[in-house]
Amino acid sequence: MEKEELLKIRRDLHQIPELGFQEYKTQQYLLNIIKQFKSEHLKIETWRTGIFVLLEGTNPKKTIGYRADIDGLPIQEETTYPFQSKHSGYMHACGHDFHMSIALGILSHFIDNRIEDNLLFLFQPAEEGPGGAEPMLNSEIAGKWRPDLIFALHIAPELPVGTIATKPGLLFANTSELFIDLKGKGGHAAYPHTTNDMVVAAANLVTQMQSIVSRNVDPLDSAVVTIGKITGGTVQNIIAENARLEGTIRTLSVESMDKVKERIEAIVRGLEIGYNCQAAIDYGAMYHQVYNDEALSEEFMSYISEHTDYDVKLSTEAMTGEDFGYMVSKIPGFMFWLGVDSPFGLHHAKLTPNEDAIQVAVDVMSKYIEFKSKSK
Ligand SMILES: CC(=O)N[C@@H](CCC[C@H](N)C(=O)O)C(=O)O
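Residues numbered from 1 in each chain as written. Predicted model: local features only at pLDDT ≥ 70, side-chain atom pairs only at ≥ 80, totals over all residues. Heavy atoms only, no water.

## A short note on the site of the ligand
- Near the ligand lie 13 residues; those nearest to it are Glu128, Glu177, Thr248, Arg250 and Gly321.
- Glu177 has a polar side-chain atom sitting 2.7 Å from a nitrogen atom of the ligand.
- Side-chain polar atom of Arg250 to an oxygen atom of the ligand: 2.8 Å apart, as the coordinates give it.
- In isolation the ligand has 410 Å² of accessible area, and contact with the protein removes 91% of it.
- Broken down by secondary-structure element, the contributors of at least two residues to the shell around the ligand are β8 (174-183) and β12 (242-251).
- Residues belonging to the shell around the ligand are distributed by class as follows: two nonpolar, seven polar and four charged.
- No fewer than three residues from each of domain 1 (3-171 + 289-374) and domain 2 (174-286) sit in the shell around the ligand. (Near = heavy atom within 4 Å. Polar contact = N/O pair within 3.5 Å; in protein donor to acceptor, adjacent residues only side chain to side chain. Areas by Shrake-Rupley, 256 points an atom, 1.4 Å probe, with all protein chains shown as cover. Helix = DSSP H or I, 4+ residues; strand = E, 2+ residues; numbered from the N terminus. Nonpolar A, V, L, I, M, F, W, Y, C, P; charged D, E, K, R; others polar. Domains from an automatic or database assignment.)

Right, here's the structure in full:
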C-alpha cells in the first residue's frame, strides 16, 4: 500500500472516533478497506464491533498475531487539522487511528508478499474501556484461529520518529477503574446546617485519597490514584445531595493494587461516618499488566538494532494501562512504543503525532514478522 493511501486511511479514521463497543462506522470503514484486498487467502470474521482477519500462509507452522485497538476517547478535539473529528466531543487522542492504519499497512504488505505462517490481525474494540481484549481472545473465532505469538504497538508522543522503545518483562501497569457514588442530604444553600453536603464530602475524599500513594504504598514501588471527573449537585444555590467521583488506580505490583483498594475502602468508610452519608464503590474494568515475553522482546530489540536503521531504546515501565496485557498473559508476545514526536501527549485534545511514523512501524513489523516466520 502506498504511503499516501495509508495517510488517507489514518485521516479518514481520525474523523470518526467512537467509544468502546460502539465502533460501528470504524468497523465498516475497516471492512471496506480489507475487502478491497481481494485475496483468496484472506478470511474475515466480525466479532461485536471488532474484526478478525486471517491471512493464510503458504506452508503454515504457526499463526502470528498482530493486534490493533480501534476505539476513540470522549475528548473535544483542539488540533488545527483540516481532517478533525466529525464526532463532536470525541477524538482519537490515544493514537488508535495510527494503530489501525499501521495494521492495514502490514496486512497489505503480506498480501503482496505472502509468508509461510498464518497471520492473524485483531482489530480490537474498547481498549480505553470497558476492555475488549479479554472477551475477544476468549471468543469462538479466536479459539479457531488462535495465534501462537502476538504483537502490538502504542504510539509514544515523547519519542522522535524512527525510535522504537520497549523492555523485556513489565512494560505497563495494572489498572483498575474507580467509581465512587456519594449520597447525603440536599437543601437550601442558606441552611447548610440542615444538610449533608456531598460537594464538600467529595472534595475532602479527593484530598484524603491523595495521601494513599505517599503514605501507604512502598516508596520503591509505584502507584497512581487519579480522579479524572467529579460530578455533583444541580445548581449553584442548592446544596448537593449526590456526588460521583470517577478515576483510575495504577500500580506496578498486584500487592500495591490490593493495598490501594484497601485504603480507599477504609477512607470511604470514614467519610460515611464523618459526613453522615452513604457511599458505594465500583471498580469497573481492571486491566492486567503488560508483561512482555522476555526472550521475544530481547530478540525484537536486537533484531531492530542489527537489521534496520531505526533507533531502539530500552524503556522504563509506564503507568499507562493496556488490555493487551491480557493477551500477552495468555500468548507469548510483546508491545512496544513507537516514536511519533507530538508536542502534546496521549489523551490530550491537541495530540498531533507525526504521520511519518506510520511507515516506520509498517516497515519494522513487516521485517520482524518475516524474520519470525523463518525462525522457529
Ligand atoms: C494506553 C492508554 O492510555 N490506555 C488507557 C487504558 C484505560 C484503562 C481503564 N479505562 C482505566 O482508566 O483504568 C490508560 O488510561 O492508560
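## Brief notes about unusual backbone geometry
- Here Gly129 and Pro130 are connected by a cis peptide whose omega angle stands at 0 degrees.
- Positive phi outside glycine occurs at Lys38, with the angle close to 50 degrees.
- On the secondary structure map, Lys38 appears in the loop between α2 (24-36) and β1 (42-47).
- Since its relative accessible area comes to 73%, Lys38 is described here as exposed.
- In the Ramachandran plot, His347 falls in the positive-phi region, its phi being about 65 degrees despite a non-glycine side chain.
- In this fold, His347 is placed in the loop between β17 (333-339) and α10 (356-374).
- Given the relative accessible area of 42%, His347 is considered partly exposed. (Buried < 20%, exposed > 50% of the residue type's maximum accessible area, 1.4 Å probe, protein only.)

## Concerning the UniProt feature "active site" (unreviewed entry) in the chain
- UniProt records the feature "active site" (unreviewed entry) for Asp69 and Glu128 in the present numbering. Spanning 60 residues, the named residues nonetheless gather at one spot, since no C-alpha pair among them exceeds 8.9 Å. From the list above, the largest pocket is lined by Glu128.
- With respect to the helices, strands and loops of the structure, Asp69 is situated in strand β3 (residues 63-69).
- On the basis of relative accessibility, which here comes to 0%, the residue Asp69 falls in the buried class.
- Not counting chain neighbours up to four residues away, the residues in contact with Asp69 comprise His96, His99, Met100, Gln124, Glu127 and Glu322.
- Structurally, Glu128 can be placed in the loop between β4 (118-124) and α4 (133-137).
- Under the relative-accessibility criterion, Glu128 is labelled partly exposed at 23%.
- Those residues in contact with Glu128 that sit more than four places away from it in its chain are Asp71, Gly72, Leu73, Cys94, His96, Glu177, Tyr287 and His347. (UniProt positions renumbered as here; feature names shortened; annotations may be inferred. 1 Å grid on protein atoms, 1.4 Å probe; cavity = no way out; pocket = protein on both sides within 12 Å on 5 of 7 lines; lining within 4 Å. Contact = heavy atoms within 4.5 Å.)

## Some thoughts on the layout of surface pockets
- Quantified by volume, the largest pocket comes out at close to 900 Å³.
- Lining of the largest pocket is provided by 30 residues; of these, Leu73, Glu128, Glu177, Arg250 and His347 occupy positions nearest its centre.
- Contributing elements (two or more residues each) for the lining of the largest pocket: β8, β10 (223-232) and β12.
- When residues of the lining of the largest pocket are assigned to their parent elements, the largest contribution, four residues, is made by β12.
- Grouping the constituent residues of the lining of the largest pocket by class yields 10 nonpolar, 12 polar and eight charged.
- If you count residues domain by domain, the lining of the largest pocket takes at least three from each of domain 1 (3-171 + 289-374) and domain 2 (174-286).
- Taken as a whole, the second largest pocket encloses approximately 150 Å³ of empty space.
- The wall of the second largest pocket is formed by Met1, Glu5, Lys8, Ile9, Asp12, Tyr29, Ile33, Gln36, Phe37 and Ser108.
- Counting residues per element, the ones that place at least two in the lining of the second largest pocket are α1 (3-14) and α2. (Points joined across faces, edges and corners; volume = space filled by probe spheres on them.)

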